[in-house]
Amino acid sequence: MISAPASLLLLGLLILALAVLVFAIEWRLLGYAFRQIGVPPRYMFGVLFLSLVGAHVNLPVAAIPVERLLPPQAVTVFGRTYLVPPAHVEDTTVVALNVGGALVPLMVSLYLFARSRLRGRMLLGIAVVAVVIHRFAQIVPGVGIAVPMVVPPLAAAVVAMVLAFRGAPPVAYVAGSMGALIGADLANLSHIEGLAAPVVSIGGAGTFDGVFLTGIIAALLAIAVRGGRRQDPGKTSTPASVVSPA
């Protein structure tokens, strides 16, 4: 017979093992995704680490005086529950930049854009995706801006396949991640005072999931474009026709 403390210990170990397994799967999946869109292996660890861990890191960039702030509470939108954080400064909304949902996608997108020969299509893709996402974005008092998590990756996938079939993976990533940030967060900055939110995180809350899934969709597009051909895990699989030489 197993005692109660032993049962709790086994349950804790099981939960820890499941957490490690989920993290490992996310790590491998994201690693494959970033290889497919053209991120060099030497930058892979830093990009992966900042993408996963940085989702919980917000860098304050501004403070905006507001008339009121909502107290801590749970808000459900698009099937997800968000927690309104406690106020750090009274009657002030702190505008922050999420590392995993904004800073990392911005840096990766700039890298891909600088090396790509499809810059015009990337810009057009960003514009189209931003318009689509802006129509779906919903202002959530106390939290910020929320978007259905499937909209950015699906919009990016369709736009990338139409604009650049063989160059779809990097175009999908850039259009999806930047389109999500512009259409959801930046285009709604004028509504910050009415949100009554203690913290408004650009790339956080309801935007991070869409940006995260966009990278996964970009990898799946790479598989589709290349006919599911298996690649050497140690090699970057960016087509020469899409990314110019360093």
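The rules behind each value
Residues numbered from 1 in each chain as written. Predicted model: local features only at pLDDT ≥ 70, side-chain atom pairs only at ≥ 80, totals over all residues. Heavy atoms only, no water. Helix = DSSP H or I, 4+ residues; strand = E, 2+ residues; numbered from the N terminus. Expected span 1.5 Å × (residues − 1). Buried < 20%, exposed > 50% of the residue type's maximum accessible area, 1.4 Å probe, protein only. Arc of directions from axis to C-beta. Contact = heavy atoms within 4.5 Å. Core = buried A, V, L, I, M, F, W, Y, C linked by side-chain atoms within 4.5 Å. Axes fitted to C-alpha atoms, helices over the stretch in contact; angles between N-to-C directions. Parallel < 35°, antiparallel > 145°, perpendicular 65-115°, else oblique. Left-handed = near helix turned anticlockwise from the far one by under 90°. Nonpolar A, V, L, I, M, F, W, Y, C, P; charged D, E, K, R; others polar. Polar contact = N/O pair within 3.5 Å; in protein donor to acceptor, adjacent residues only side chain to side chain. pLDDT = per-residue confidence, 0-100. Phe/Tyr/Trp six-rings, centres within 6.5 Å; stacked < 30°, edge-to-face > 60°. Lys NZ or Arg CZ within 6 Å of the ring centre and 35° of its normal.

**Looking at helix 4 (residues 119-136)**
The terminal C-alpha atoms of helix 4, which comprises 18 residues, lie 26 Å apart, in line with the 26 Å expected from a rise of 1.5 Å per residue. Within helix 4, the full set of buried residues consists of Met122, Gly125, Ile126, Val129, Ala130 and Ile133. Axial view of helix 4: buried residues confined to an arc of 135°, hence all on one face. In helix 4, the exposed residues that point more than 90 degrees away from the buried face are Gly120, Val131 and Arg135. Buried-residue contacts for helix 4 involve helix 3 (99-115), helix 5 (151-163) and helix 6 (168-185).

**Quick notes on the side chain of Ser109**
With respect to the secondary-structure elements, Ser109 resides in helix 3. Residues contacting Ser109, with those up to four places away along its chain left out, are Tyr173, Val174, Ser177 and Met178.

**Topic: the nonpolar core**
In terms of nonpolar packing, the biggest core is built from 31 residues, with Phe34, Ile37 and Val108 touching the most fellow members. At the level of elements, helix 1 (4-37), helix 2 (41-53), helix 3, helix 4, helix 5, helix 6, helix 7 (192-195) and strand 7 (199-202) are the ones that each hand at least two residues to this core. In terms of residue count, helix 6 provides more of this core than any other element does, seven residues in total.

**Details of unusual backbone geometry**
Even without a glycine there, the phi angle at Asp91 is positive, about 55°. Judged by relative accessible area, which is 35%, Asp91 ranks as partly exposed.

**Digging into helix 5**
For helix 5, built from 13 residues, the straight-helix expectation of 18 Å at 1.5 Å per residue is met to within 8% by its first-to-last C-alpha distance of 18 Å. Within the span of helix 5, buried status applies to Val151, Pro152, Pro153, Ala155, Ala156, Ala157, Val159 and Ala160.

**Thoughts on the packing of helix 5 against helix 6**
Two elements in contact, helix 5 and helix 6, have axes separated by 8 Å at closest approach and are oriented at 135°. Accordingly, the angle class assigned to the pair helix 5 and helix 6 is oblique. When the axes of helix 5 and helix 6 are compared, the crossing they make is right-handed. On helix 6, the residues that touch Pro152, Ala156, Ala160 and Met161 of helix 5 are Ala168, Val171, Ala172, Gly176 and Ala180. Here the contact of helix 5 with helix 6 is built from residues that sort into eight nonpolar, one polar and no charged.

**A word on the side chain of Asn98**
Summarising the element assignment, Asn98 is placed in strand 4 (residues 92-98). Only 3.0 Å separates the side chain of Asn98 from the side chain of Asn58, close enough to count as a polar contact.

**Structural notes on the confidence of the model for the protein**
Scored by pLDDT, the protein has a mean of 77; 74% of the residues are at 70 or more. Across the protein, the secondary-structure element scoring lowest on mean pLDDT is helix 1, at 65, and the one scoring highest is helix 4, at 94. The low-confidence segment residues 228-246 (pLDDT under 50) makes 38 contacts with residues lying over four places distant or belonging to another chain.

**Brief notes about the packing of helix 2 against helix 3**
Axis separation between helix 2 and helix 3 bottoms out at 8 Å; the angle between their running directions is 150°. Overall, the two elements helix 2 and helix 3 adopt an arrangement that is roughly antiparallel. Touching Tyr43, Val47, Leu50 and Ser51 of helix 2 are Val99, Gly100, Val104, Val108 and Tyr111, all from helix 3.

**Let's talk about the packing of aromatic side chains**
Per the stated rule, a full pass over the model turns up zero aromatic pairs. Positioned over the ring face of Phe113 is Arg119, at 6.0 Å from the centre of the ring.

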